[in-house]
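# Per-entry structural report
Residue-level listing of the chains:
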Amino acid sequence: MDLRQVEKVAMEEPTAMDCQKNKRFISNTSIEGDKDGHEPKKDPSSALQSFLNHIPISSLPGINSPTDLILEIKPDDYVQDVITLLYNKKVSGAPIVDDVRSDLGKFLDRDIGFIDFSSMVLWSLEEFEKDKLASGSCNCAFLKTLEHSPQIGKTKIGELAKSFLWEPFFPVRSDDTLFHVQLLFAKHYRVRVAPVVESSNSCVVGFVTQYAVVELLLKSSGLEWFDQISDKALSEFRFANAGIVHVYADETLADALHVLWEKQLDRAPVIDRKAEKLIGILRCSDIHLLLDDDSFFENRKSITVGQFISSYREKTDPPTMVRNFNFSPPMNVWITNKKSDTLKQAMENVVSSKSDCTILIKDSDKPEAVVTLRDIISQFSPPSMDSRVDGGGFFRSALEQASCHVEDGMVVCGK
């Protein structure tokens, strides 16, 4: 896609069709002409907004997934069965669907949420610690331990909603724009992937990833409103001073995974305690290794994170990474930037390495912040962008039944 041609079209006066489409996503802001009747020039914020709203998500790479990677999970399915299914299919997550009829006789949308493989495994590990039988007497593989603990393995997927393990289901359609999907990622921190659905039957046909959005944004390099943001030093952005949650290499694997669960993190840098230098990154997506190699699970309370990383590095035949929409470099591979680098340099670094983040390090190589894909995407959300995306379908109906609604991008209850 020629983004300079998109820029030219975006700066033209909107057609009636454009205006109607924009109403779906933004609050109309009137911009009056000058007293001589000349047409107004768009300010940078409005120009960026218009530009993003002219790029269809169909131009994003890889939004259509092979049919064997698009699974559907039912609320009555058991945790152990869903974990086994996703693991065997090497799929990172799946929509939760429920063909139900409300009391009013109106069909609600089938898709009611999204469940992530790593979240279910982390939840199971936490439950094992609460159950003495599972964590003590059964010295066996992860899936076998689930079978020996029916109070955990036989938990229904629907019940996990109480533990906030479901991610909201915010679908997009192929004729939606980059502006729409960018809002989802920037304004809703729990949205890691946006399912793409068919307009005719609302069936999921693929996924939009944060990586794909950053990759396409980077192609805007050279355009004024992109460079105004991306040419700034990383030190000028708030995320560069947000601090960092890390784990030490000498901590046990069990303790490190608990940190990911407790802090609701997707990743944590691993630091050598003595040298205070980065030796790797532990990601939630790495948790499939506990199923690939039973010894990792069985010895999780004694093996250290450093040993875990070293064991992975020494494998002559590394385990298959979980595919579908979730991909990251191995845990012993990472990328870094300095605060003096520009946002564009960080984006180029992330895209070229196909990573999910970059680590900001000091001159001493000590990590001081993590810059995620969502951090990057959020910087291209102009202040005039409207974050009131309600999710639609079942999500909206379920909120209404619970006397809740979405207000300014937040779920509000009891009003």
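Keep in mind that this is a model prediction, so the values were computed, not measured.

## Thoughts on the overall build of the protein
Tallying secondary structure elements over the protein gives 18 helices and 13 strands in all. Across the 415 residues in the protein, those meeting the buried criterion constitute 51%. Looking at the protein alone, contacts between residues at least 24 apart form 66% of all its contacts between residues at least 6 apart. Accessible area for the protein stands at about 20,100 Å²; split by element, carbon and sulfur atoms hold 48% of it.

## Examining helix H5 (residues 117-130)
Between its first and last C-alpha atoms H5 spans 21 Å; for 14 residues at 1.5 Å apiece the expected length is 20 Å, and the two agree. Where burial is concerned, most of H5 is hidden: twelve out of the 14 residues are buried. Every buried residue of H5 is accounted for by Phe-117, Ser-118, Ser-119, Met-120, Val-121, Leu-122, Trp-123, Ser-124, Leu-125, Glu-126, Glu-127 and Phe-128.

## Here we look at the sheet that holds strand E8 (residues 277-283)
Strand order across the open sheet formed by three strands is E6-E7-E8, with mixed pairing between neighbours. Edge positions in the sheet fall to strand E6 (247-248) and E8, since each has one partner strand and no second. Direction of pairing for E6 relative to strand E7 (residues 267-272): parallel, over a ladder of two bridges. Each bridged residue has a counterpart across the sheet, and for Tyr-248 the counterpart in E7 is Ile-271. With respect to the sheet, helix H12 (residues 253-262) is in contact with E6, E7 and E8, its orientation differing from that of E8 by roughly 65°.

## Quick notes on the pattern of salt bridges
Taken as a whole and judged by the stated rule, the model has 14 salt bridges. Close ionic contact of Glu-129 with Lys-301 constitutes a salt bridge, the shortest N to O distance being 3.2 Å. Taken together, the positions of Glu-129 in helix H5 and Lys-301 in the loop between helix H14 (294-298) and helix H15 (305-314) put the pair 172 residues apart, joining distant regions of the chain. Under the relative-accessibility criterion, Glu-129 is labelled partly exposed at 41%. The partner of Asp-231 in a salt bridge is Lys-344, and the shortest N-O contact between them spans 3.4 Å. Pair noted here: Asp-231 is in the loop between helix H11 (224-230) and E6 and Lys-344 is in helix H16 (residues 343-353), with a separation of 113 residues, a long-range link. Among the ionic contacts, a cluster of salt bridges with common partners joins Glu-129, Arg-300 and Lys-301.

## Focus: the nonpolar core
Grouped together as the largest cluster of nonpolar side chains are 48 residues, with contacts concentrated most on Leu-178, Val-181, Val-208, Leu-343 and Met-347. For this core, the secondary structure elements donating two or more residues are helix H3 (44-52), helix H9 (178-187), strand E4 (193-197), helix H10 (210-218), H11, H16, strand E11 (367-372) and helix H17 (373-378).

## Some thoughts on the pairing of E8
Extensive coverage of E8 is indicated by the burial of five of its seven residues. In terms of strand pairing, E7 meets E8 through six bridges, oriented antiparallel. Looking across to E8, one finds that Pro-269 is bridged to Ile-281. Connecting E7 to the next strand, E8, in antiparallel fashion are four residues, including Glu-276 with a positive phi near 55°.

## Some remarks on the packing of helix H4 (residues 79-89) against H5
Two measures define how a pair of helices packs: the angle their axes make with one another and the distance between the axes. Contact pair H4 / H5: the axes reach a minimum separation of 10 Å and the direction vectors enclose 135°. The pairing of H4 with H5 is recorded here as oblique in orientation. By crossing handedness, the relation of H4 to H5 is classed as left-handed. Along the contact surface, H4 presents Val-79, Val-82, Ile-83, Leu-86 and Tyr-87, while H5 presents Phe-117, Met-120, Val-121, Trp-123 and Ser-124. Tallied by class, the residues present in the contact of H4 with H5 amount to nine nonpolar, one polar and no charged.

## Observations regarding the side chain of Lys-344
The class for Lys-344 is buried, based on a relative accessible area of 12%. Every residue in contact with Lys-344, bar those within four places of it in the chain, is listed here: Leu-218, Ser-221, Gly-222, Phe-226, Asp-227, Ser-230 and Asp-231.

## Details of the side chain of Asp-341
Along the chain, Asp-341 turns up in the loop between strand E9 (336-337) and H16. Here Asp-341 sits buried without a salt bridge, and the closest side chain of opposite charge, Lys-338, lies 7.2 Å off (N-O distance). A polar contact of 2.9 Å, which involves the side chain of Asp-341, links it to the backbone nitrogen of Lys-338. Setting aside chain neighbours within four positions, we find Asp-341 in contact with Lys-232, Ala-233 and Leu-234.

## Observations concerning H4
Of all the positions in H4, only Val-79, Gln-80, Val-82, Ile-83 and Leu-86 are classed as buried. The buried side chains of H4 occupy one side of the element, clustering within an arc of 165° when seen end-on. On its buried face, H4 sits against strand E1 (93-97), H5, helix H7 (142-148), helix H8 (150-153) and helix H13 (289-292). Once H4 ends, the next one or two residues include Lys-90, with phi positive near 60°.

## Structural notes on the sheet that holds strand E3 (residues 172-173)
Strand order in the open sheet formed by three strands is E3-E4-E5, and the pairing between neighbours is mixed. Here the strands that pair on one side only, and so sit at the sheet edges, are E3 and strand E5 (204-209). As defined by bridge partners, E4 adjoins E5 across five bridges and the pair is classed as antiparallel. Of the residues in E5, the one forming a bridge with Ala-194 is Val-208.

## Focus on the environment of Leu-52
Along the polypeptide, Leu-52 turns up in helix H3. Through-space distance from the C-alpha of Leu-52 to that of Thr-177 is 7.0 Å; in sequence the pair is 125 residues apart.

Reading the values: the criteria
Residues numbered from 1 in each chain as written. Predicted model: local features only at pLDDT ≥ 70, side-chain atom pairs only at ≥ 80, totals over all residues. Heavy atoms only, no water. Helix = DSSP H or I, 4+ residues; strand = E, 2+ residues; numbered from the N terminus. Buried < 20%, exposed > 50% of the residue type's maximum accessible area, 1.4 Å probe, protein only. Contact = heavy atoms within 4.5 Å. Areas by Shrake-Rupley, 256 points an atom, 1.4 Å probe, with all protein chains shown as cover. Expected span 1.5 Å × (residues − 1). Pairing = 2+ DSSP bridges. Axes fitted to C-alpha atoms, helices over the stretch in contact; angles between N-to-C directions. Salt bridge = Lys/Arg side-chain N within 4 Å of Asp/Glu carboxyl O. Core = buried A, V, L, I, M, F, W, Y, C linked by side-chain atoms within 4.5 Å. Parallel < 35°, antiparallel > 145°, perpendicular 65-115°, else oblique. Left-handed = near helix turned anticlockwise from the far one by under 90°. Nonpolar A, V, L, I, M, F, W, Y, C, P; charged D, E, K, R; others polar. Lys, Arg positive; Asp, Glu negative; His and termini not counted. Polar contact = N/O pair within 3.5 Å; in protein donor to acceptor, adjacent residues only side chain to side chain. Arc of directions from axis to C-beta.

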